[in-house]
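Geometric and topological summary
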Amino acid sequence: MEQTQLLLLGTEGCHLCEVAFKVLANIGLAEHIVLIDIADDEKMVEQFGKRIPVLQDSLTKECLNWPFDEQQVIEWLDN
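Residues numbered from 1 in each chain as written. Predicted model: local features only at pLDDT ≥ 70, side-chain atom pairs only at ≥ 80, totals over all residues. Heavy atoms only, no water.

On to helix H1 (residues 15–26), then. Taking 1.5 Å per residue, 12 residues should reach 16 Å; H1 reaches 17 Å between its end C-alpha atoms and fits that length. Within H1, burial applies to Cys17, Ala20, Val23 and Leu24. Seen end-on, H1 carries its buried residues on one side only, within an arc spanning 115°. Those residues of H1 that are exposed and aimed more than 90 degrees away from the buried face are His15, Lys22 and Asn26. Of the surrounding elements, those touching the buried residues of H1 are strand E1 (6–10), strand E2 (33–37), strand E3 (54–57) and helix H3 (70–78). A positive backbone phi angle near 80° is found at Gly28, which sits one or two residues after H1. (Helix = DSSP H or I, 4+ residues; strand = E, 2+ residues; numbered from the N terminus. Expected span 1.5 Å × (residues − 1). Buried < 20%, exposed > 50% of the residue type's maximum accessible area, 1.4 Å probe, protein only. Arc of directions from axis to C-beta. Contact = heavy atoms within 4.5 Å.)

Our next topic: the nonpolar core. By size, the foremost hydrophobic cluster in this structure holds 12 residues: Leu6, Leu8, Ala20, Val23, Leu24, Leu29, Ile33, Leu55, Leu64, Phe68, Val73 and Trp76. Elements with a contribution of two residues or more to this core: E1, H1 and H3. The biggest single contributor to this core is H1, with 3 residues. Residues Cys14, Ile38, Ile52 and Val54 belong to the second largest nonpolar core, which totals 9 residues. (Core = buried A, V, L, I, M, F, W, Y, C linked by side-chain atoms within 4.5 Å.)

Now the structure itself:
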């Protein structure tokens, strides 16, 4: 069975993406995050461009949109 990954969708130079990564690092998730740069994928830019950073579950495709804090991430992961 495939294991889920936590994807942080963003783009290089995105200040909010850096802040989101720090939020994730604060709760010990930094090493478990896969950073996905959406800039080179037209469909991803269309889907996520106006709402990055976005935390996404790789299996369920469920998303947690910015803004989020540590508590919101924990609650999202518990669902």
